[in-house]
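Breakdown of the fold
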Amino acid sequence: MRFFQIIWDDPHDPEGNVQHVGEHGLTIDEVEYVLNNATEWGTSQSSGRPCCFGYTPSSEYIIIVFEEPVAGVAYPVTAYQVPEP
């Protein structure tokens, strides 16, 4: 699946998704890369939101939990490193 738009909050918003993924040591580029090159898709067990898994360009295996307000548009809620399957 490829997204034609990925929505990011203002980088200075302390409650925004840019700050949230940054707290987990990830960048916008890494999250966007995995969203468009995911190796697995699923549903978050804790939130019920869609999620995907994949490797960043630096070979970190991460999960991204996101919302899809309309088809082809992703709003990343959180992303963080997880153990490889």
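Residues numbered from 1 in each chain as written. Predicted model: local features only at pLDDT ≥ 70, side-chain atom pairs only at ≥ 80, totals over all residues. Heavy atoms only, no water.

By secondary structure assignment, the location of Thr78 is in strand S5 (residues 73-81). Among the residues examined, Thr78 registers a relative accessible area of 13% and is labelled buried. In terms of polar contacts, Thr78 uses its side chain to reach the side chain of His20, at 2.9 Å. The contact partners of Thr78, leaving out residues within four places of it in the chain, are His20, Val21, His24, Ile63, Ile64 and Val65. (Helix = DSSP H or I, 4+ residues; strand = E, 2+ residues; numbered from the N terminus. Buried < 20%, exposed > 50% of the residue type's maximum accessible area, 1.4 Å probe, protein only. Polar contact = N/O pair within 3.5 Å; in protein donor to acceptor, adjacent residues only side chain to side chain. Contact = heavy atoms within 4.5 Å.)

Together, Asp10, Asp13, Glu15 and Glu23 give the surface a local cluster of negative charge. Looking at the secondary structure, you find Glu15 in the loop between strand S1 (5-6) and helix H1 (17-23). The class for Glu15 is exposed, based on a relative accessible area of 71%. (Patch = residues over 30% accessible without salt bridge, like charges linked within 9 Å, V, L, I, M, F, W, Y side chains within 5 Å. Areas by Shrake-Rupley, 256 points an atom, 1.4 Å probe, with all protein chains shown as cover. Salt bridge = Lys/Arg side-chain N within 4 Å of Asp/Glu carboxyl O. Lys, Arg positive; Asp, Glu negative; His and termini not counted. Charge placed at Lys NZ, Arg CZ, Asp CG, Glu CD.)

This brings us to the state of the cysteines. A full pass over the atoms with the stated rule returns 0 disulfides. No disulfide involves Cys51; its sulfur sits 7.1 Å from the nearest other cysteine sulfur, which is in Cys52. (Disulfide = S-S within 2.5 Å.)

All right, on to the nonpolar core then. Counting residues in hydrophobic clusters, the biggest one holds 15 residues, and the most contacted among them are Val31, Leu35, Ile64 and Phe66. Contributions of two or more residues to this core are made by H1, helix H2 (28-36), strand S4 (61-67) and S5. Those residues within four positions of Phe66 in sequence are excluded, and the remaining contacts are Phe3, Leu35, Trp41, Arg49, Pro50, Cys51, Cys52, Ala74, Tyr75, Pro76 and Val77. In terms of nonpolar packing, the next biggest core, distinct from the first, is built from 6 residues, Phe53, Ile63, Val65 and Val82 among them. (Core = buried A, V, L, I, M, F, W, Y, C linked by side-chain atoms within 4.5 Å.)

What follows concerns the environment of Val65. Along the chain, Val65 falls in strand S4. The buried category is assigned to Val65, whose relative accessible area is 5%. When the C-alpha atoms of Val65 and Pro76 are compared, they prove to be 6.1 Å apart, with 11 residues separating the residues in sequence. Every residue in contact with Val65, bar those within four places of it in the chain, is listed here: Ser44, Ser47, Arg49, Pro50, Cys51, Tyr75, Pro76, Val77 and Thr78.

A few words on the sheet that holds S5. Strand order in this open sheet of 5 strands is S1-S5-S4-S3-S2, and the pairing throughout is mixed. Two strands close off the open sheet at either side, each with one partner strand: S1 and strand S2 (40-43). Lying on the sheet, H2 is in contact with S1, S2, strand S3 (50-55), S4 and S5; it crosses S3 at an angle near 105°. (Pairing = 2+ DSSP bridges. Axes fitted to C-alpha atoms, helices over the stretch in contact; angles between N-to-C directions.)

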